[in-house]
Amino acid sequence: MTGKTDFTDEEWARLKRAPFVAGMAISLADPGGPIEAVKETAATLKTVRAAEGGDRGELVGALATEVVADAGQRKNPLGGFKPSKGANAGVEILGELGEVNRIVGEKATPEDAAAMREWLLDAAQEAANAAKEGGFMGFHAERVSEGEQRMLDSLREVLSAPSG
């Protein structure tokens, strides 16, 4: 069983913000307007709330419970992480999630690490599915744009289990 005491405060903070970093990756992969951004963030939060029950294991359940409590206190779920603007943002986001993957790979049980990876990918997928992209007034819009799909593929690569 993996819990908060297995991580440093900085590592725990990184794990807590990771689903929102994954959601942000989708928002930045194909920036829409403010309505799309709100829908994508809401979808990420919904994925986090759904994990509170512990169905995804103890680690993800503990993280989700804390994140939801922080949200109730209006704390920024991305606290401490602000990627630069422009082309480097995607690289920084993938780097951050790669580091989260390394941390859970080293410190969590294999089951908890796998559950964490799956949770982050689900958060990104839900964000991608949250708002249609492109088109004109809803016509010819697509659920997941090419840019979002490329980012989802990159996230899968970054969050794959380390081969060892």
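Residues numbered from 1 in each chain as written. Predicted model: local features only at pLDDT ≥ 70, side-chain atom pairs only at ≥ 80, totals over all residues. Heavy atoms only, no water.

Undergrad: A description of helix H2 (residues 34–50) should follow, citing residues and the corresponding values.
TA: With 17 residues, H2 should cover 24 Å at 1.5 Å per step; its first-to-last C-alpha distance of 24 Å lies within 8% of that length. Turning to H2, the residues buried within the fold contact helix H1 (9–29), helix H3 (58–72), helix H5 (110–130) and helix H6 (146–158). (Helix = DSSP H or I, 4+ residues; strand = E, 2+ residues; numbered from the N terminus. Expected span 1.5 Å × (residues − 1). Contact = heavy atoms within 4.5 Å.)

Undergrad: Can you break down the packing of helix H4 (residues 88–107) against H5 residue by residue, with the values?
TA: For the pair H4 and H5, interaxial distance at closest approach is 9 Å and the crossing angle is 160°. It follows that H4 is roughly antiparallel to H5 by the angle criterion. The interaxial crossing formed by H4 with H5 has right-handed handedness. From H4, Leu-97, Val-100, Asn-101, Val-104 and Gly-105 reach across to H5, where they touch Ala-113, Met-116, Arg-117 and Leu-120. Looking at the contact of H4 with H5 residue by residue, the classes come out as 6 nonpolar, 2 polar and 1 charged. (Axes fitted to C-alpha atoms, helices over the stretch in contact; angles between N-to-C directions. Parallel < 35°, antiparallel > 145°, perpendicular 65-115°, else oblique. Left-handed = near helix turned anticlockwise from the far one by under 90°. Nonpolar A, V, L, I, M, F, W, Y, C, P; charged D, E, K, R; others polar.)

Undergrad: Describe the environment of Val-60, and please don't skip the residues or the numbers.
TA: Among the structural elements, Val-60 can be located in helix H3. Here the alpha-carbon distance between Val-60 and Arg-117, two residues 57 residues apart in the chain, equals 9.7 Å. If sequence neighbours within four positions are ignored, Val-60 has contacts with Ala-51, Ala-115, Met-116 and Trp-119.

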